[in-house]
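Notes for the structure review
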Amino acid sequence: MNASSAGSETTDSASAEDHLPPARFAFGARTWKEVAHLLLNLPEGILGFLYVSLWLYAGVALAVTVVGLPLLALGLMGARVLGRVERGRARRLLGLRIDEPSPLARGRADRGFFGWLWATLKDPVAWRSTLYAFIRLPWGVLTFCVTLVSLFVAWPVLGHLARAMTLVDRAMVRGLLSPSSELERRVAELEEDRGVVVDTAAADLRRIERDLHDGAQARLVALAMGLGLAKEKLLEDPDAAARMVDEAHGEVKLALQELRDLARGIHPAILTDRGLGPALSSVATRCTVPVRVAVDLPARPAPAIEGIAYFTVSELLQNISKHSRAAMADVEVWRKRDRLLIQVRDDGRGGASTAGGSGLAGLAERLGSVDGLFVVDSPAGGPTVVTAELPWRDRTGG
């Protein structure tokens, strides 16, 4: 080998060293998060076990006294907090997405101290969190020791060990700290729906009060004043009094019409007497767009479902009159198994949406409050198709 070739090899070696890849940890971020979770199992397990042991032992020992049951209830509330902390740790370090369980049932808690005590003592979420804290300590000791030893003497298999042990952690969190069943999820949904129903009822009451105050009430006040003036002029100027009575008669007719419209807005008589088909046909005649109505129902649904269906179609037809610029609209109502389906179409300009707090958003909330669905398909340029579903409930009478 000559000097020039040796110099070339030296240069190539130096160049290769200059382009070495940067040093980095052998494991990725996910594995290190799993390792951190396993190492934290021991301190978390010790704290949880001590907390649960203290309040549970004291509460059971004092259960025959006045303070025993309240102590158990307070301990269970703290167990809920421990469960929330563990779900957060699993979410951050294991990437495990677990829904928060429904809060403590407010319906019982609102009945005073004993209502709160009973609701807390039978809370399944808190008891499952308590069980989780008990069984975590031995598992935490095992995972801490195995992980710590593997960091020094079993480095090549640490990633596989961490994944296997965190799979057990994930199963424990899912099994004990997630919402217990479909029932809990439904309870949370129904609590939210109850709030929507209350808000909707309050808004309807305010609307009725406003319509009465600004409409029929104002006309009746004017009518009373007019009749009072006519009474005063009855002897002095009978002709003027007669004209005032005629004007008052006109005001009476207008007030009666406004009261009829208001009553129709609350619950139309035709809906009560003849059902959904004739009531929707009547609504369609007031729409500025020609409307074809087809109602195919084997029987009348429950009054509450019938009323919601009526007002849903009524508001949709009002939107068509005001905003759609359509030439034709169709309303179809039918039953499919245990659902009442409504579909309203128009050939207008489209662009309807439930976003932005529109009237359609209010309809969606109202239907959602009774387990219904509300879907709007309205591309720009049209056509618009609105589909609503309601649960079918049989009419028990009437």
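In what follows, the structure referred to is the one given above.
Residues numbered from 1 in each chain as written. Predicted model: local features only at pLDDT ≥ 70, side-chain atom pairs only at ≥ 80, totals over all residues. Heavy atoms only, no water.

**Quick look at the overall build of the chain**
What counts, and what does not: Numbering of helices and strands runs from the N terminus, with a helix taken as a DSSP run of H or I at least four residues long and a strand as a DSSP run of E at least two residues long. Type-normalised accessible area, obtained with a 1.4 Å probe on protein chains alone, sets the label of each residue: buried when under 20%, exposed when over 50%, and partly exposed for intermediate values. Should any heavy atoms of two residues lie within 4.5 Å, those residues are counted as being in contact. Accessibility throughout is a Shrake-Rupley quantity obtained with a 1.4 Å probe, and a residue counts as covered only by protein chains that appear here.
Tallying secondary structure elements over the chain gives 13 helices and 5 strands in all. A burial count over the chain gives 35% of its 398 residues as buried. Contacts in the chain between residues at least 24 apart in sequence constitute 71% of all its contacts with a sequence separation of at least 6. For the chain, the exposed area adds up to about 23,300 Å²; of that, 63% sits on carbon and sulfur atoms.

**Structural notes on the packing of helix α2 (residues 29-61) against helix α7 (residues 158-177)**
This is how it is decided: Angles shown run from 0 to 180 degrees and are taken between the N-to-C directions of axes, each axis being a line fitted to C-alpha atoms and, for helices, limited to the stretch in contact. For classification, angles of less than 35 degrees are called roughly parallel, those exceeding 145 degrees roughly antiparallel, those between 65 and 115 degrees roughly perpendicular, and all remaining angles oblique. Each crossing gets its hand from how the near helix is turned against the far one by less than a right angle, where anticlockwise is left-handed and clockwise is right-handed.
Running from N to C, α2 and α7 cross one another at 60°; their axes reach a closest spacing of 9 Å. Here α2 is positioned oblique relative to α7, judged by the angle of their axes. Considering only the axes of α2 and α7, their crossing is left-handed. Listed contacts from α7 to Arg30, Thr31, Glu34, Val35, His37, Leu38 and Asn41 of α2 are Leu158, Gly159, Ala162, Arg163, Met165, Thr166, Asp169 and Arg170.

**A few points about the environment of Phe113**
Counting through the fold element by element, Phe113 comes out in helix α5 (residues 112-121). With 43 residues separating them in the primary sequence, Phe113 and Pro70 have C-alpha atoms 9.5 Å apart.

**Things to note about the pattern of salt bridges**
Which entries qualify depends on this criterion: In the sections that follow, a salt bridge refers to a side-chain nitrogen of Lys or Arg positioned within 4 Å of a carboxyl oxygen of Asp or Glu.
Following the criterion strictly, the structure yields 10 salt bridges and no others. Measuring nitrogen to oxygen at the nearest pair gives 3.4 Å for the salt bridge that ties Arg170 to Glu34. One end of the pair, Arg170, is in helix α7; the other, Glu34, is in helix α2, with 136 residues separating them in the sequence. This pair shows no difference in class: Arg170 is buried, exactly as Glu34 is.

**Thoughts on helix α13 (residues 359-368)**
The cut-off we apply is this: Starting at the helix axis, one direction is taken to each C-beta atom, and the arc is that of these directions.
Where α13 is concerned, the buried positions are Leu360, Ala361, Leu363 and Leu367. Mapping the buried residues of α13 onto a view down its axis gives an arc of 160°, with all of them on the same face. Considering only its buried residues, α13 is in contact with α12 (303-324), β4 (373-377) and β5 (384-391).

**Points about the packing of aromatic side chains**
Formally: Two aromatic rings, drawn from Phe, Tyr or Trp (for Trp, its six-membered ring), form a pair once their centres lie within 6.5 Å of each other, and the interplanar angle then sorts them: stacked below 30 degrees, edge-to-face above 60, tilted otherwise.
Counted according to the given criterion, the structure contains 4 aromatic pairs. Relative to Trp55, the ring of Tyr51 has its centre 6.4 Å away and its plane inclined at 55°; by these criteria the two rings are tilted. Pair noted here: Tyr51 and Trp55 are both in helix α2, with a separation of 4 residues, about one helical turn. On the accessibility criterion, Trp55 (6% relative accessible area) is buried. Aromatic ring contacts, followed pair by pair, group Tyr51, Trp55 and Trp127 into a single cluster.

**A look at unusual backbone geometry**
Even without being a glycine, Arg325 presents a positive backbone phi close to 55°. Along the chain, Arg325 falls in the loop between α12 and β2 (329-336). Owing to a relative accessible area of 70%, Arg325 belongs among the exposed residues under this scheme. For Arg337, which is not glycine, the phi torsion reads 55° and is therefore positive. Its relative accessible area of 65% is what places Arg337 among the exposed residues.

**Considerations on the sheet that holds β4**
What counts, and what does not: The pairing criterion for strands is at least two bridges between them, as found by DSSP.
Taken in spatial order, the 5 strands of this open sheet run β1-β2-β3-β5-β4, and their pairing is mixed. Of all the strands in the sheet, the pair left with one neighbour each is β1 (291-296) and β4. Sheet twist, expressed as the mean angle between neighbouring strand axes with direction ignored, is 10°. As paired strands, β2 and strand β3 (residues 339-346) are joined by 8 bridges and run antiparallel to one another. Looking at β3, one finds that Arg335 is bridged to Leu340. Of the strands in this sheet, β1 and β2 touch helix α11 (residues 276-285), which is tilted by about 170° from β1.

Function-wise, these values are silent; they only describe arrangement.
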